[in-house]
Amino acid sequence: MKISNGLLFAIAMTSASAQDIHAPARAKMADEIAVMARDTASETGRAAFGLRVMSAITKVERHRFVATGDEANAYRNRPLAIGNGQTISQPYIVALMTDLLDLKPGDKVLEIGTGSGYQAAVLAELASTVYTIEIVEPLGRLAAQRLLAAGYRNVIARIGDGYQGWREAAPFDAIMVTAAAREVPPALIEQLKPDGKLVIPVGSQTSHQELLVITKSADGATQTRRVLAVRFVPLTGGPAPKK
Ligand code: SAH
């Protein structure tokens, strides 16, 4: 069949617009995140997030990670339900937590709480390898499929209790926990490299939580900075409750 130039052009336009249909909404979301970063600077200490972080946010297709049927809300700067009582975090919080890790291209990162897989995708844009653990099996499986479908080959996903970290893959340059812990899991500090950073929401499972950045120094000592009051779903698993 002979295809006219005009038809070829039309086909090219259709596939380009099919790929980029969400790009303007994504750019608008990134602008909203930048404004929010400026407005929260006195608390977070970061008036603007790094260029690499913002370009990852502008690139990762959040609509691929939201619940089926919820794509129209994917680029609103707010958390969304993803099933099994869990949520995909607010994009501003994803950007803030990512920025706080100060990732370098060669870094190996651990994420606890894969959820939708969106945060793992953002991390995968900035680091060399991302290990991510999810305790709810159907969520972890779906996220792994979506990460593969989106082309992320540098994310290793597994089902399990992230309270114990991921011993076989440790140590990590950076660790991010995306569910609220009652206390900082000791295994996560152990599995950080010297100069490594841990970003984790800590506090009551129902009310007050604070986002912490914990830096481990070369001698193994840790330094903690409180960043912002936050609201996350609880980190489950962990040690058996004390009697
Ligand atoms: N990072 C996710 C946010 C998910 S919400 C995203 O980008 O969508 C937090 C997730 O942590 C939930 O899916 C919850 O099931 C999971 N979670 C809670 N406790 C966990 C644990 N001990 N180990 C691994 N995952 C856990």
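For the structure, see preceding data.
A brief structural summary. Note that the structure is predicted; figures quoted are calculated from it, not measured.

### Remarks on the nonpolar core
One recurring pattern in soluble globular proteins: nonpolar side chains tend to sit buried together.
Consideration 1: Counting 51 residues, the largest nonpolar core has Phe49, Ile57 and Tyr118 as the members making the most contacts within it.
Consideration 2: Discounting chain neighbours no more than four positions away, the residues touching phenylalanine 49 are Ile33, Ala37, Met54, Tyr92, Ala95, Leu96 and Asp99.
Consideration 3: Counting residues in each nonpolar core, the second largest holds 21 residues, with Leu110, Trp166, Leu188 and Leu192 among its members.

### Things to note about the pattern of salt bridges
Consideration 1: For the structure on display, the rule yields twelve salt bridges.
Consideration 2: Ionic pairing is found between arginine 141 and glutamate 137, a salt bridge with its closest N-O pair at 2.7 Å. Linking arginine 141 with glutamate 137, this pair stays in helix H7 (residues 137-149), spanning four residues, or about one helical turn.
Consideration 3: With a closest N to O distance of 2.8 Å, glutamate 210 and arginine 226 form a salt bridge. Here the residue glutamate 210 occupies a position in strand E8 (residues 209-216), and arginine 226 occupies one in strand E9 (residues 222-230), the gap between them amounting to 16 residues.
Consideration 4: Assessed through its relative accessible area of 24%, glutamate 210 is described here as partly exposed.
Consideration 5: Among the charged side chains, a salt-bridge network with shared partners connects Arg46, Asp99, Asp102 and Lys197.

### Quick word on the packing of aromatic side chains
Consideration 1: One pass over the structure, following the stated rule, counts four aromatic pairs.
Consideration 2: Aromatic pair tyrosine 131 and tryptophan 166: ring centres 5.0 Å apart, planes at 75 degrees, arrangement edge-to-face. With tyrosine 131 in strand E4 (residues 129-134) and tryptophan 166 in the loop between strand E5 (155-159) and strand E6 (172-177), this residue pair connects regions lying 35 residues apart in the sequence. As far as burial versus exposure is concerned, tyrosine 131 and tryptophan 166 are alike and both buried.
Consideration 3: Here a set of aromatic residues connected by ring pairs shows up, and it is made of Tyr131, Trp166 and Phe172.
Consideration 4: Directly above the aromatic system of tyrosine 118 lies the positively charged group of arginine 62, at a separation of 5.6 Å from the ring centroid.
Consideration 5: When the ring centre of tryptophan 166 is taken as origin, the NZ or CZ atom of arginine 158, which lies over that ring, is 4.5 Å away.

### A closer look at the site of the ligand
Consideration 1: Surrounding the ligand, one finds 26 residues, the nearest of these being Ser116, Glu134, Asp161, Gly162 and Thr236.
Consideration 2: Here glycine 162 contributes a backbone N or O atom positioned 2.8 Å from a nitrogen atom of the ligand.
Consideration 3: At 3.1 Å from a nitrogen atom of the ligand is found a side-chain nitrogen or oxygen belonging to threonine 178.
Consideration 4: Taken together, the elements giving at least two residues each to the shell around the ligand come down to strand E2 (86-88), strand E3 (108-112), helix H6 (118-126) and E4.

### Side note on unusual backbone geometry
Consideration 1: Omega for the peptide link from alanine 170 to proline 171 comes to 0 degrees, which places this bond in the cis form.
Consideration 2: Turning to its location among the elements, proline 171 is positioned in the loop between E5 and E6.
Consideration 3: Residue asparagine 84 is not a glycine yet carries a positive backbone phi of 55 degrees.
Consideration 4: Considering the arrangement of structural elements, one finds asparagine 84 in the loop between strand E1 (80-83) and E2.
Consideration 5: In the Ramachandran plot, aspartate 102 falls in the positive-phi region, its phi being about 50 degrees despite a non-glycine side chain.
Consideration 6: Locating aspartate 102 in the fold gives a position in the loop between helix H5 (91-100) and E3.
Consideration 7: The class of aspartate 102 is partly exposed, set by a relative accessible area of 36%.

### Observations regarding the side chain of threonine 132
Consideration 1: Inspection of the secondary structure puts threonine 132 in strand E4.
Consideration 2: A relative accessible area of 0% places threonine 132 in the buried class.

### Some thoughts on the pairing of strand E7 (residues 192-203)
Consideration 1: Within E7, nine of the twelve residues are buried, which leaves it mostly tucked inside the rest of the structure.
Consideration 2: Hairpin connection, E7 to E8: the antiparallel pair is bridged by five residues.

### Digging into the environment of glycine 162
Consideration 1: Its place among the elements puts glycine 162 in the loop between E5 and E6.
Consideration 2: Separated by 101 residues in sequence, glycine 162 and glutamate 61 have C-alpha atoms that sit 26 Å apart.

### Considerations on the sheet that holds E4
Consideration 1: Strand order across the open sheet formed by seven strands is E5-E4-E3-E6-E7-E8-E9, with mixed pairing between neighbours. Of all the strands in the sheet, just E5 and E9 have a single pairing partner and so form its edges. Strand after strand, the sheet turns through a mean of 15 degrees between neighbouring axes, direction not considered.
Consideration 2: With eight bridges joining them, E8 and E9 adopt antiparallel strand pairing. When the sheet's bridge partners are listed, isoleucine 214 is paired in E9 with threonine 224.
Consideration 3: On the sheet, H7 packs against E4 and E5 and is oriented at approximately 165 degrees with respect to E5.

Rules used in this analysis
- Residues numbered from 1 in each chain as written.
- Predicted model: local features only at pLDDT ≥ 70, side-chain atom pairs only at ≥ 80, totals over all residues.
- Heavy atoms only, no water.
- Core = buried A, V, L, I, M, F, W, Y, C linked by side-chain atoms within 4.5 Å.
- Buried < 20%, exposed > 50% of the residue type's maximum accessible area, 1.4 Å probe, protein only.
- Contact = heavy atoms within 4.5 Å.
- Salt bridge = Lys/Arg side-chain N within 4 Å of Asp/Glu carboxyl O.
- Helix = DSSP H or I, 4+ residues; strand = E, 2+ residues; numbered from the N terminus.
- Phe/Tyr/Trp six-rings, centres within 6.5 Å; stacked < 30°, edge-to-face > 60°.
- Lys NZ or Arg CZ within 6 Å of the ring centre and 35° of its normal.
- Near = heavy atom within 4 Å.
- Polar contact = N/O pair within 3.5 Å; in protein donor to acceptor, adjacent residues only side chain to side chain.
- Pairing = 2+ DSSP bridges.
- Axes fitted to C-alpha atoms, helices over the stretch in contact; angles between N-to-C directions.

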